[in-house]
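A closer look at the structure
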Amino acid sequence: MSRRQGRTGRRAGLRFDGWIAGAGTSSGTRIVLGHWPRSPFGPFSDVMIERADGERLLLAPTRRVADFVRGTYLFDTVRVVSVDVVMTSAVWAVTAPPLELRFTVGRPGPLGLVLAAVPGPIARSEAWAVLTDPCARLLLRGVRTRGSAVPGRREWYGAGGLWPITGLSAAFDARDLGTMTPVDPPVRFGFGSVPRRPALTRVTTTVVPYR
């Protein structure tokens, strides 16, 4: 029996614990940052970008991470570059050539406080993702908590907090991407998008199986 399989023969999930930040810009570019202090690949960050012309770009720190993310989501272009994140409680700065990104985070609203109150083991379970998926679609336009973007893999998200992004500056190839806007239209990397309103989400992502 594979070490990645349980007694039922089903593969165990790979768990990624960290944060996802998503925001749009007035240039039409939408940006999604994943910052993962705990993952099967060790700590890493990656950036998914959908440009105004529809190109879906992945910026990943290693070929191994790039191959895994590309095998789970959909991209037109993949670049292996350094992805450096410096964060405080309110300000995040991201350098991932050719992207420079900086954003500020506000206080959590009622939904963020509710999510933070859910016990971790419940929030990380697939059953909870199944239960909350309809609510996520209704309350957070474009968001889904379970699904699959590619054949042979399924995944689910467990949110542990939600904070509004209150300000953002970004440049791509040294060109200013403009002011912050909603994530509209939704990004098309996977089976769902990030919240329409720019936000930082504390999240655990589980992906099964790993091939």
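1. Section: the overall build of the protein
Across its full length, the protein carries four helices and 13 strands. Against the globule reference of 17 Å for 211 residues, the protein gives a C-alpha radius of gyration of 16 Å, in line with a compact fold. Projected onto the principal axes, the alpha-carbon positions of the protein cover approximately 55 × 40 × 30 Å. Considering the protein as a whole, with its 211 residues, one finds that 46% of them fall into the buried category.

2. Some points on the pairing of strand E10 (residues 154–172)
Where strand E8 (residues 99–105) lies against E10, seven bridges are found, and the strand directions are antiparallel. In the sheet register, Phe 103 faces E10, and the bridge partner there is Leu 168. Here strand E9 (residues 146–147) pairs with E10 via two bridges, running antiparallel. Bridging from a neighbouring strand, Arg 146 pairs with Trp 156 of E10.

3. Structural notes on the layout of surface pockets
In this structure, the largest pocket spans a volume of roughly 860 Å³. When residues of the lining of the largest pocket are traced back to their parent elements, those giving at least two are strand E1 (14–25), strand E2 (30–38), strand E3 (44–50), helix H1 (63–70), helix H2 (110–117), helix H4 (126–139), E10 and strand E13 (199–208). Approximately 340 Å³ is the volume found for the second largest pocket. In terms of lining, the second largest pocket is formed by 15 residues, of which the most central are Leu 111, Leu 140, Leu 162, Arg 197 and Ala 199.

4. A few points about the side chain of Arg 202
You can see Arg 202 is positioned in strand E13. At 3.1 Å, the side chain of Arg 202 forms a polar contact with the side chain of Asp 17. Sequence-distant contacts of Arg 202, defined by excluding residues within four places in its chain, comprise Asp 17, Gly 18, Trp 19, Arg 38, Gly 158, Ala 159, Gly 160, Gly 161 and Trp 163.

5. Here we look at empty space enclosed by the protein
Throughout the structure, instances matching the rule amount to one cavity of 30 Å³ or more. Size it by volume and the largest cavity reaches roughly 40 Å³. In terms of lining, the largest cavity is formed by Ala 21, Gly 22, Ala 23, Ile 31, Leu 33, Leu 101, Phe 103, Ile 165 and Leu 168. Mapped onto the lining of the largest cavity, the elements with two or more residues apiece are E1, E2, E8 and E10. It is E1 that contributes the most residues to the lining of the largest cavity, three residues altogether. The residue inventory of the lining of the largest cavity, partitioned by class, reads eight nonpolar, one polar and no charged.

6. Focus on the packing of aromatic side chains
Taken as a whole and judged by the stated rule, the model has ten aromatic pairs. Between Trp 19 and Trp 92, the ring centres sit 6.0 Å apart and the planes meet at 70 degrees, which makes this aromatic pair edge-to-face. One end of the pair, Trp 19, is in strand E1; the other, Trp 92, is in strand E7 (residues 91–96), with 73 residues separating them in the sequence. For the pair shown, Trp 19 and Trp 92 are each scored as buried. The ring of Trp 19 has Arg 202 sitting right over it, with the charged end atom 4.7 Å from the ring centre.

Quick notes on the rules
- Residues numbered from 1 in each chain as written.
- Predicted model: local features only at pLDDT ≥ 70, side-chain atom pairs only at ≥ 80, totals over all residues.
- Heavy atoms only, no water.
- Helix = DSSP H or I, 4+ residues; strand = E, 2+ residues; numbered from the N terminus.
- Rg over C-alpha atoms; globule rule 2.2 N^0.38 Å.
- Buried < 20%, exposed > 50% of the residue type's maximum accessible area, 1.4 Å probe, protein only.
- Pairing = 2+ DSSP bridges.
- 1 Å grid on protein atoms, 1.4 Å probe; cavity = no way out; pocket = protein on both sides within 12 Å on 5 of 7 lines; lining within 4 Å.
- Points joined across faces, edges and corners; volume = space filled by probe spheres on them.
- Polar contact = N/O pair within 3.5 Å; in protein donor to acceptor, adjacent residues only side chain to side chain.
- Contact = heavy atoms within 4.5 Å.
- Nonpolar A, V, L, I, M, F, W, Y, C, P; charged D, E, K, R; others polar.
- Phe/Tyr/Trp six-rings, centres within 6.5 Å; stacked < 30°, edge-to-face > 60°.
- Lys NZ or Arg CZ within 6 Å of the ring centre and 35° of its normal.

By themselves, these observations are geometric and do not establish any function.
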